[in-house]
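Remarks on the overall topology
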Amino acid sequence: MITEDLNLFLSNLNVFYRKLQNYHWNVKGEDFFTVHAKLEELYDDVNEQIDEIAEHILIIDGEPLGTMHDYLEIAQIQEAQNEKICSKKIFETILKDYNILIENATKVKEDADNEKKYATSALMDEYLQDFKKKVWMIRQMLMQ
Ligand SMILES: [Fe+2]
């Protein structure tokens, strides 16, 4: 069901938001300034996506999950530890997380197409473009 797919997506986005801000606070190393700023950019994007997905669930007459408890219960993305971390580890981890989000958005799109919910399907295209671009950029960065 699309609503369930979207709530899983929403849960992962919420945990990912907390994780990115955790990394923004805990990143250490010579590249601190650039990575600290980049992580803020990334979690700002996720914050907007959280709101958009929750409201999209409402638009299609579903009920968005709204508590951290609910999100943590089903999310596939795992929280970060509260500890200092270098940028390489951060980007290796969030590369995997973006791939989980790509899987979520793909599943939503496939189910939406099957149910002829084309607005939902079209919305997922934007997310897939965004996440795939980020995956490409992170891969480029990790290849140095
Ligand atoms: Fe900050």
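Placed above this text is the structure.
This section reports on the structure supplied with the text. What you see is a predicted model, and the numbers here were worked out from it, not measured in a lab. (Residues numbered from 1 in each chain as written. Predicted model: local features only at pLDDT ≥ 70, side-chain atom pairs only at ≥ 80, totals over all residues.)

Let's shift gears to the overall build of the chain. Each helix and strand in the chain was counted, giving 5 helices and 2 strands. Starting at the N terminus and walking to the C terminus, you meet the elements of the chain as α-β-α-α-β-α-α. For a compact globule of 144 residues, the expected C-alpha radius of gyration is about 15 Å, and the chain comes in at 15 Å, within 12% of that figure. Looking at the chain as a whole, 31% of its 144 residues are labelled buried. (Helix = DSSP H or I, 4+ residues; strand = E, 2+ residues; numbered from the N terminus. Rg over C-alpha atoms; globule rule 2.2 N^0.38 Å. Buried ≥ 20, exposed ≤ 12 C-beta atoms within 10 Å, placed from the backbone.)

Let us look at the packing of helix α1 (residues 2-26) against helix α2 (residues 32-59). Close contact between α1 and α2 brings their axes to 9 Å; oriented N to C, the two are set at 160 degrees. In terms of orientation, α1 and α2 fall into the roughly antiparallel class. Here α1 runs over α2; the crossing is left-handed. (Axes fitted to C-alpha atoms, helices over the stretch in contact; angles between N-to-C directions. Parallel < 35°, antiparallel > 145°, perpendicular 65-115°, else oblique. Left-handed = near helix turned anticlockwise from the far one by under 90°.)

Locating Leu42 in the fold gives a position in helix α2. For Leu42 and Ala80, which are 38 residues apart along the polypeptide, the C-alpha to C-alpha distance reads 16 Å.

Geometry only, nothing functional implied.
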